[in-house]
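Structural characterization, general
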Amino acid sequence: MSDGHHRAAIYPRHHRAWLEVDGAALRHNARVLRARAGVPLVPMVKADAYGLGAVAVCRALGLPFEGATPQVAAPDAPWGVGVASLDEAAELRESGCTARILCVTPLLATELTRARALDVRPALHRLDDITAWRRLGGAPWHLAIDTGMARAGVRWDAVAPLAGALLAVPPEGVFTHFHSADDDLASRDAQDARFEQALATLGDAVPADALLHRDNSGGIVSRTTGSPGHLARPGIALYGGMFDDVLDLAPVAHLRARVVDLREVHDGESVSYNATWRAQGTRCIATLASGYADGYRRHLSNRGEVLIHGHRCPVAGRVTMDMTMVDVTDVACAVGDIATLLGRDGDACLTAGMVGARADVSPYELLVGLALRVPRFHLDLAPASPFSA
Ligand SMILES: *Cc1c(COP(=O)(O)O)cnc(C)c1O
């Protein structure tokens, strides 16, 4: 039985468009990245886990929740998770998540009390903030070092004045972030060297047992001998959005929409707004119940392809807010059938990289944009899944 038939059985007929988030694929990717990195992971679940749903992603990855037994045993269990704001951390806490939470984006001084209350590890680098954190009780925090990203953290060549403050309230961790580890090894090496230089400058002000971490997805993938330090912080690779050409990473997000209308158009007739597509001969056009309000980018007009019964069907005309038309002349299809706009359908797959390239956006933006309107279903597409019964 094909995947398509499974899904038809899983989803009630009234579901028009939805995003499937595959927990089994997430865990698979985490295992692959954990093995590659050789150190525990800090999955980055910022931006609602790149649009896929932070709470459910944390559960799927085996992070601890009140009253639940984590499914992933040490040493493969993630160390904690990374967020970009205290609101994101609060959502996790409200759902009962008891994991370590690291906020990698600089906080305002006015936010430190709330960070403390939420048991969030802030990334700090300003002397005043470090001192304020000590006055608040000096809970665990991480020192952010800028080695060339020029976005957050103390410059690698300006760490010396922090040494005294670090001795007063020792950081639990010290980290940096790469700007081009995915495509420029020399720049990664230069940032590595700057990070080591900063650590050397700080000397004993960094505790011997401090957790050092550098690698994002690009960093993990770029190394063959494991990630340096003690932790690694993957985001996009975990979600199957990049590097599936290098590592055995599975797609996690599958955007589906049903065929809600079918018609024949005749030679020379147009489809959709502004008549940018015209039939050559008689063509069969299917209307899908999904458009740019669901994160299916308008730039995919006349450029994208969707999968129906494992066949590639080109987008015909402009993607509209709620509907997208595709040419199904070569595919037997009926109203109610399921199209895959992103992800896998049987053996065929539209990766986030492929769809993003057609849409002229990065896979990051593509995934984050899926959170717009479409409901998310978290399930395990593994054979043992209760959903596939
Ligand atoms: C977003 C982010 C990551 C993850 O980056 P990916 O490229 O998605 O792997 C890691 N570290 C920091 C500080 C980040 O902001």
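Residues numbered from 1 in each chain as written. Predicted model: local features only at pLDDT ≥ 70, side-chain atom pairs only at ≥ 80, totals over all residues. Heavy atoms only, no water.

Side note on the packing of aromatic side chains
For the structure on display, the rule yields two aromatic pairs. A centroid spacing of 4.9 Å and a plane angle of 40° characterise the contact between Tyr50 and Tyr239, whose relative ring orientation is tilted. Here Tyr50, found in helix H3 (residues 46-50), pairs with Tyr239, found in the loop between helix H10 (217-222) and strand E9 (253-265); they are 189 residues apart in sequence, far enough to count as distant. This pair shows no difference in class: Tyr50 is buried, exactly as Tyr239 is. Taken together, a centroid distance of 6.1 Å and an interplanar angle of 35° make the contact between Tyr50 and Tyr364 tilted. With Tyr50 in helix H3 and Tyr364 in helix H12 (residues 363-369), this pair connects stretches of sequence that are 314 residues apart. Using a relative accessible area of 6% as the deciding quantity, one classes Tyr50 as buried. Take Tyr364: its relative accessible area is 35%, and that puts it in the partly exposed class. Through a chain of ring-to-ring contacts, the aromatic side chains of Tyr50, Tyr239 and Tyr364 assemble into a single cluster. If you follow Arg59 out to its NZ or CZ, it ends over the ring of Phe65, 4.0 Å from the centre. The cationic tip of Arg194 hangs over the ring face of Trp156; the distance from NZ or CZ to the ring centre is 3.8 Å. (Phe/Tyr/Trp six-rings, centres within 6.5 Å; stacked < 30°, edge-to-face > 60°. Helix = DSSP H or I, 4+ residues; strand = E, 2+ residues; numbered from the N terminus. Buried < 20%, exposed > 50% of the residue type's maximum accessible area, 1.4 Å probe, protein only. Lys NZ or Arg CZ within 6 Å of the ring centre and 35° of its normal.)

What to know about the site of the ligand
Around the ligand, the surrounding shell holds 13 residues, and the nearest of these are Lys46, Tyr50, Ser217, Ile236 and Tyr364. Lys46 is positioned with one of its side-chain polar atoms (N or O) 2.7 Å from an oxygen atom of the ligand. Ser217 places a side-chain nitrogen or oxygen 2.5 Å from an oxygen atom of the ligand. Expressed as a share of its isolated accessible area of 390 Å², the protein-covered part of the ligand is 93%. Put simply, the ligand lies in the largest pocket. Looking at the shell around the ligand residue by residue, the classes come out as six nonpolar, four polar and three charged. (Near = heavy atom within 4 Å. Polar contact = N/O pair within 3.5 Å; in protein donor to acceptor, adjacent residues only side chain to side chain. Areas by Shrake-Rupley, 256 points an atom, 1.4 Å probe, with all protein chains shown as cover. 1 Å grid on protein atoms, 1.4 Å probe; cavity = no way out; pocket = protein on both sides within 12 Å on 5 of 7 lines; lining within 4 Å. Sits in = over half its atoms within 2 Å of the grid points. Nonpolar A, V, L, I, M, F, W, Y, C, P; charged D, E, K, R; others polar.)

Concerning empty space enclosed by the protein
In this approach, a probe sized like a water molecule rolls over the atoms, and the result shows the empty space that is left. Per the stated rule, a full pass over the model turns up one cavity of 30 Å³ or more. Volume-wise, the largest cavity comes out at about 30 Å³. Surrounding the largest cavity, Pro106, Leu107, Ala123, Leu124, His125, Arg126 and Asp129 form its lining. Residue composition of the lining of the largest cavity, by class: four nonpolar, one polar and two charged. (Points joined across faces, edges and corners; volume = space filled by probe spheres on them.)

Section: the environment of Thr110
When you line up the elements, Thr110 lands in the loop between strand E3 (101-103) and helix H6 (112-117). Along the chain, Thr110 and Asp129 lie 19 residues apart, while their C-alpha atoms are 9.7 Å from each other.

Focus: the confidence of the model for the protein chain
For the protein chain, the mean per-residue pLDDT works out to 93, and 94% of the residues sit at or above 70. In this model, residues 1-5 is a region of pLDDT below 50 whose contacts with residues beyond four sequence positions or in other chains number three contacts. Confidence over residues 383-389 falls short of pLDDT 50; this stretch has eight contacts with residues more than four positions distant or in other chains. (pLDDT = per-residue confidence, 0-100. Contact = heavy atoms within 4.5 Å.)

A closer look at helix H11 (residues 352-359)
Within H11, burial applies to Ala352, Val355, Gly356 and Ala359. One side of H11 carries all its buried residues, which in axial view fall inside an arc of 100°. Its buried side turned inward, H11 meets strand E16 (338-345), strand E17 (348-350) and H12. Asp360 occupies a position one or two residues after H11 and carries a positive phi of about 60°. (Arc of directions from axis to C-beta.)

Here's the deal with the nonpolar core
Ranked by internal contacts, the top residues of the largest apolar core, which has 114 residues, are Val45, Leu92, Tyr239 and Ile308. With six residues, helix H2 (residues 23-37) is the largest single contributor of residues to this core. Looking at this core, you find at least three residues from each of domain 1 (23-238) and domain 2 (253-379). Apart from residues no more than four positions distant in its own chain, Leu92 is found in contact with Val45, Ala54, Val55, Cys58, Val81, Val83, Cys97 and Ile101. Residues Val271, Ile285, Ala316 and Met325 belong to the second largest nonpolar core, which totals seven residues. (Core = buried A, V, L, I, M, F, W, Y, C linked by side-chain atoms within 4.5 Å. Domains from an automatic or database assignment.)

A closer look at helix H7 (residues 127-135)
Along H7, the positions that sit buried rather than exposed are Asp129, Ile130 and Trp133. Take H7 and look down its axis: the buried residues cluster within an arc of 100°, on one side only. Facing away from the buried side of H7 by over 90 degrees, the exposed positions are Asp128 and Arg135. Close packing links the buried residues of H7 with H6, strand E4 (120-124) and helix H8 (163-168). Immediately downstream of H7, the backbone of Gly137 shows phi near 125°, a positive value.

Concerning the layout of surface pockets
Put simply, the largest pocket is a space of about 600 Å³. If you trace the largest pocket, you find 31 residues lining it, with Lys46, Met149, Arg151, His177 and Phe178 closest to the centre. Elements that contribute at least two residues to the lining of the largest pocket include exactly H3, strand E5 (142-146) and H10. The dominant element in the lining of the largest pocket, judged by the number of residues it contributes, is E5, at three residues. Grouping the amino acids of the lining of the largest pocket by side-chain chemistry returns 17 nonpolar, nine polar and five charged.

Thoughts on the domain arrangement of the protein chain
Each domain of the protein chain was delimited in the assignment, giving domain 1 (23-238) and domain 2 (253-379). Here the C-alpha centroids of domain 1 and domain 2 sit 37 Å apart. The interface of domain 1 with domain 2 comprises 10 residues on the first partner and nine residues on the second. Summed over both sides, the interface between domain 1 and domain 2 buries roughly 820 Å², with carbon and sulfur atoms accounting for 66% of that surface. (Buried area = accessible area lost by both parts, 1.4 Å probe.)

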